[in-house]
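So the chains spell out like this:
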Amino acid sequence: MIPKILLSFDVEEFDMPLEYGFNISPADQMKVGKLGLDRLMPLLSDPDIQCTLFTTANFANEYTNDIQQLAKRHEIASHTFYHSSYATEDLKNSRERLSEIIQKDVVGLRMPRMKQVPVGDIVNAGYAYDASIHPTWLPGRYNNFQLPTSLYHEAGLIRVPASVSTFCRIPLFWLSFKNFPYSMYLKLALHTLKKQGFLSLYFHPWEFVDVSSYGLPHYTIKGCQSMLLQKLNRFISDLKSHGTFISYQDFVQNQSQD
Ligand SMILES: [Zn+2]
C-alpha cells in the first residue's frame with residue numbers, strides 16, 4: 001500500500017507570546033495568524049497536496065471567506081473555539097460553527113497544545129477522530145511514552161497520533177523540523193513513513209511570519225519566515241515520491257475499510 005502523508009496546520013490566533021508573559025492584543029494575534037496563512041497559500045494550492053487545517057472557530061469567524069475557500073480542497077477540522085481558553089462546550093460549539101461556515105461535516109479534533117480532555121467529552125461533541133496524541137515525552141508538558149504510535153481506537157473515538165521516530169520516539173513535530181538539520185529530519189521522517197505506513201505532521205501558519213519581536217525563546221522561532229518556508233517546500237517536494245498526501249479524515253475512513 002502507498003504510504004500516506006498527513007500534513008496538517010493548526011490555523012489559529014497567535015497567542016503563544018502570552019505563555020511567555022508577553023502581551024499581544026487579540027487583533028494582533030489574528031493578524032499574525034492570517035499573515036502566516038497567506039504565506040502558505042502557494043503550498044496549499046499545490047494540486048498534489050491535500051492537508052488538514054485544524055482551525056479555531058474564533059479564527060474562522062474572523063476569516064470566514066478564507067476558510068470556506070480552503071475547505072474546497074482541504075479538510076477543515078476543529079482546533080476548538082478559542083486558542084487561549086477552553087470549556088467543554090467549546091468542543092461541540094466549534095464543530096458546529098465550523099460545519100456551518102464550510103457547509104460540510106467536521107469530524108476531527110486537535111486540542112490546542114495537545115491538551116488532554118476526557119475521551120467521552122470528545123465523543124459526545126460528535127467527533128469521529130482526535131489528533132491530539134503525541135506519543136512521546138516532552139519535558140514539562142507530558143509523558144505519553146506508553147501510548148500507541150499508530151491509529152488506535154479508544155471508547156468509540158479514533159486516535160491518530162502525531163508521528164515520532166520509530167527508534168527512541170523522537171518527535172517529528174514543528175519544533176524538530178525547525179531545529180534539526182534538514183537531512184537528519186528527512187531521514188527520520190522517511191524511515192517512520194516506511195515503517196509505519198503513514199506520517200502525521202503538524203505546523204502552524206504563524207511560524208512563517210517574523211515573530212521575533214514577541215519575546216519568544218529562540219528555539220521556537222528559529223529559521224522563521226522565508227527560510228523555513230523554503231525548508232518546508234523542499235521537504236514536501238522530497239516526500240512526494242514516497243507517499244500520497246491525504247487528509248486525516250480520508251486516512252481514518254480508509255483504515256476503517258481495511
Ligand atoms: Zn494550536
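These figures come from a predicted structure and were not determined experimentally.

A. Seen up close, the side chain of Asp-10. With respect to the secondary-structure elements, Asp-10 resides in strand β1 (residues 4–11). Taking the relative accessible area as the measure of exposure, Asp-10 reaches 3% and is therefore buried. At 2.7 Å, the side chain of Asp-10 forms a polar contact with the side chain of Arg-110. Ignoring any residue separated from it by four or fewer positions in sequence, one finds Asp-10 in contact with Phe-54, His-79, Arg-110, Tyr-202, Phe-203, His-204 and Pro-205.

B. View of the pattern of salt bridges. Inspection of every chain in the model, using the stated rule, returns 14 salt bridges. Linking Asp-28 and Lys-31 is a salt bridge whose minimum nitrogen-to-oxygen distance equals 3.8 Å. Linking Asp-28 with Lys-31, this pair stays in helix α2 (residues 26–44), spanning three residues, or about one helical turn. According to the relative accessible area criterion, Asp-28 is partly exposed, its value standing at 32%. Among the ionic pairs, Asp-130 bridges to Arg-159, the shortest N-O distance being 2.7 Å. Remark: Arg-159 occurs in strand β9 (residues 157–159) and Asp-130 occurs in strand β5 (residues 129–130); sequence separation between them is 29 residues. Because the salt bridges share partners, they merge into one network encompassing Asp-15, Glu-19, Arg-113 and Arg-141.

Here is what the cut-offs are and how they apply
- Residues numbered from 1 in each chain as written.
- Predicted model: local features only at pLDDT ≥ 70, side-chain atom pairs only at ≥ 80, totals over all residues.
- Heavy atoms only, no water.
- Helix = DSSP H or I, 4+ residues; strand = E, 2+ residues; numbered from the N terminus.
- Buried < 20%, exposed > 50% of the residue type's maximum accessible area, 1.4 Å probe, protein only.
- Polar contact = N/O pair within 3.5 Å; in protein donor to acceptor, adjacent residues only side chain to side chain.
- Contact = heavy atoms within 4.5 Å.
- Salt bridge = Lys/Arg side-chain N within 4 Å of Asp/Glu carboxyl O.

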